[in-house]
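Results of the structural survey
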Amino acid sequence: MNVTRAKGAAMRRIHVGNALSAFGLGFTVPYLYVYVAQVRGLGAMTAGMVLAVFAVAALIVLPFAGRAIVRRGPLPVLVAALVTAAVGALSLGLAASATAVLASAAAVGAGQAVMQPALATMIVDCSTAETRSRAFATQFFLQNLGLGVGGLIGGHLVDTTRVSSFTLLFAIEAVMFLVLVVVMVTVRVPHAPGFGDAPRASAKGSWKELLGNRAMVQLCVLGFVLFFACYGQFESGLSAYGVEAAGISTSALGTALAANTAMIVIAQFAVLRFVERRKRSRVIAAVGLIWAVAWAVAGFAGLGQVSQTMATAAFVSTYALFGLGEAMLSPTVAPLVADLAPSGLAGQYNSAFALVKQLALAVGPAVGGPMGASLHGPYVVTFLLFSLGITVLGLRLGRRLTAVQDQPWAARNRVVARGGAAPEPVAADV
């Protein structure tokens, strides 16, 4: 009982910290391009390079983050990432030259990238098979709520004629990272298997073992397609398509993004009970179908002969449908990564999946941006097919998963019905 209470207390602190970090990010993320290109007068090319530096920094540090989490534990790695991100954010608010801006962006990008697997590993350590889906759903809910509230407040504080207003935003972001440090160092994570507890072969060749886990490899391929076809299009290809093909105004684009966040906040816990009781592979497959419908609606908005009002409503609906799919994925994919990881290697697996995510987020805008702006029909058809590919990949993944990994709720109930204790999921020997 004491262990359960300790895990619950630790989880609450993790969720508070997660909300604070998202709140801080919300202050700056929507305004980064305007800040670099216009307020600092460094031009569109430098602003674009800043976004690229975020991705490159993440791709560089994530292969090492997993091993560090396994060796040192998630908390020290998380604290180091938060301090790095805080220093980078404050420097970014003060930077006046392109070199200083790019260096600061690299620090923020590296810190933010490492935070993801470190926090995910702490959630795994502080949850059980029974509570893990709800824990990750809560994390995703708080992230979106924090980003939305932070962006809303930041929008009222920012003034493009005053550099000091942007410096204030980045200072707030840095403070939120440091507050998260204070919150996290007070977390008492119950003992979880560490590097020394893992088998020797796994310790020496964890990357090789991960690549030998065919279910995890398939999940990484699926994850790449998920992030490439959805998240990688939000602020690049899909927005460009909306403006160029559907004639969407910037205010309507903001409404569409708000609809996405609102759908996540409203639907997250409404769909949780439904999702928890279904096979994870089939939930992922269903998301692919929902997103295919979303792309079809986007096609109607930009390619159909409809009024501007209808086009705007359809475009906003596209973002809302994406939000519904995201709400279904948050309690599904992250817990599955944890359940596929051998004992002591959750950090390695979380970092590998985060690496795949970052790669997709780097490639997605590069491919989707030009297509969305000029090749309207091919753009919609391409990503509609990618969404259907998610359905196919999800069903194929289900063949690689054990009953416990694919449907832990049903497996637990079968054990309890026979009078046994519900087991923790273990990785399949694949």
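Quick caveat, the model's predicted, so the values are computed rather than measured. (Residues numbered from 1 in each chain as written. Predicted model: local features only at pLDDT ≥ 70, side-chain atom pairs only at ≥ 80, totals over all residues. Heavy atoms only, no water.)

Here we take up the overall build of the protein. Looking only at helices and strands, the protein has 19 helices and 0 strands in total. Split into buried and exposed, the 430 residues of the protein put 53% on the buried side. Nonlocal contacts in the protein, meaning residues at least 24 apart in sequence, comprise 85% of its contacts between residues at least 6 apart. For the protein, the computed accessible surface area is about 17900 Å², with 67% contributed by carbon and sulfur atoms. (Helix = DSSP H or I, 4+ residues; strand = E, 2+ residues; numbered from the N terminus. Buried < 20%, exposed > 50% of the residue type's maximum accessible area, 1.4 Å probe, protein only. Contact = heavy atoms within 4.5 Å. Areas by Shrake-Rupley, 256 points an atom, 1.4 Å probe, with all protein chains shown as cover.)

Before going further, it helps to spend a moment on the packing of helix H5 (residues 98-125) against helix H6 (residues 132-157). At their nearest, the axes of H5 and H6 sit 10 Å apart, and the two run at 145° to each other. In the packing of H5 onto H6, the handedness of the crossing is right-handed. Between H5 and H6, the contacting residues are Leu119, Ala120, Ile123 and Val124 on the first element and Arg132, Ala135, Phe136 and Gln139 on the second. Residues of the contact of H5 with H6, tallied by class, amount to 6 nonpolar, 1 polar and 1 charged. (Axes fitted to C-alpha atoms, helices over the stretch in contact; angles between N-to-C directions. Left-handed = near helix turned anticlockwise from the far one by under 90°. Nonpolar A, V, L, I, M, F, W, Y, C, P; charged D, E, K, R; others polar.)

Before going further, it helps to examine the side chain of Thr121. Locating Thr121 in the fold gives a position in helix H5. Within polar-contact distance, the side chain of Thr121 engages the backbone oxygen of Pro117 at 2.7 Å. When near neighbours in sequence (up to four residues on either side) are disregarded, Thr121 contacts Ile69, Pro74, Ala346, Gly347 and Asn350. (Polar contact = N/O pair within 3.5 Å; in protein donor to acceptor, adjacent residues only side chain to side chain.)

Here Gln348 is to be found in helix H16 (residues 346-374). Sequence-wise, Gln348 and Ala118 are 230 residues apart; in three dimensions their C-alpha atoms are separated by 9.8 Å.

Glancing now at the side chain of Thr391. Mapping Thr391 onto the fold places it in helix H17 (residues 376-398). Taking the relative accessible area as the measure of exposure, Thr391 reaches 11% and is therefore buried. Of the polar contacts made by the side chain of Thr391, one reaches the backbone nitrogen of Leu289; its length is 3.3 Å. Leave out the neighbours within four places in its chain, and Thr391 touches Ala285, Gly288 and Leu289.

This next bit is on the pattern of salt bridges. For the structure shown, the criterion picks out 3 salt bridges. Here Arg280 and Asp339 are joined by a salt bridge, their closest N and O atoms 2.8 Å apart. Of the two residues, Arg280 sits in helix H13 (residues 280-303) while Asp339 sits in helix H15 (residues 333-340), which places them 59 residues apart along the sequence. The class for Arg280 is buried, based on a relative accessible area of 5%. What emerges from the salt-bridge pattern is a single network uniting Arg132, Arg280 and Asp339. (Salt bridge = Lys/Arg side-chain N within 4 Å of Asp/Glu carboxyl O.)

Before going further, it helps to spend a moment on the nonpolar core. When a protein is soluble and globular, its nonpolar side chains tend to lie buried together. Counting 120 residues, the largest nonpolar core has Met184, Met216, Leu219, Leu238, Trp291 and Phe315 as its most contacted members. Apart from the residues lying within four places of it in its own chain, the contact partners of Leu219 are Val333, Leu336, Val337, Leu340, Phe353 and Leu397. (Core = buried A, V, L, I, M, F, W, Y, C linked by side-chain atoms within 4.5 Å.)

This part takes up the packing of aromatic side chains. Where two aromatic rings form a pair, the distance of their centres and the angle of their planes describe that pair. Evaluation of the coordinates by the stated rule reveals 17 aromatic pairs. Taken together, a centroid distance of 5.4 Å and an interplanar angle of 85° make the contact between Trp295 and Tyr379 edge-to-face. Note that Trp295 is positioned in helix H13 and Tyr379 in helix H17, a separation of 84 residues in sequence. Both residues of the pair, Trp295 and Tyr379, belong to the buried class. Ring pairs connect the aromatic residues Phe224, Phe227, Phe228, Tyr231, Tyr241, Trp291, Trp295, Phe322, Phe353, Tyr379, Phe383 and Phe386, which therefore count as one cluster. (Phe/Tyr/Trp six-rings, centres within 6.5 Å; stacked < 30°, edge-to-face > 60°.)

With that out of the way, let us pick up the confidence of the model for the protein. Per-residue pLDDT for the protein averages 83, and the proportion of residues at 70 or more is 89%. Here residues 193-204 is modelled with pLDDT under 50, and outside its nearest four sequence neighbours on either side it reaches 17 contacts, counting other chains as well. Predicted confidence is poor over residues 421-430, with pLDDT under 50, and the contacts of this stretch with residues over four places away or in other chains come to 26 contacts. (pLDDT = per-residue confidence, 0-100.)

So, on to a nonpolar patch on the surface. A cluster of nonpolar side chains, namely Leu145, Val149, Ile153, Leu157 and Leu168, defines an oily patch on the protein surface of about 350 Å² accessible area. Element by element, the count of residues in the nonpolar patch is highest for H6, at 4 residues. You can see Leu157 is positioned in helix H6. Overall, Leu157 belongs to the partly exposed group, its relative accessible area being 34%. (Patch = residues over 30% accessible without salt bridge, like charges linked within 9 Å, V, L, I, M, F, W, Y side chains within 5 Å.)

It is the contact of helix H3 (residues 43-72) with H16, at a shortest axis distance of 8 Å, that shows an interaxial angle of 175°. Taken together, H3 and H16 sit at an angle that is classed as roughly antiparallel. Contact residues: H3 offers Ala55, Ala58, Leu59, Leu62, Pro63, Ala65, Gly66, Arg67, Ile69 and Val70, while H16 offers Gly347, Gln348, Ser351, Ala354, Leu355, Gln358, Leu359 and Ala362. Of the residues contributing to the contact of H3 with H16, the split by class is 12 nonpolar, 5 polar and 1 charged. (Parallel < 35°, antiparallel > 145°, perpendicular 65-115°, else oblique.)

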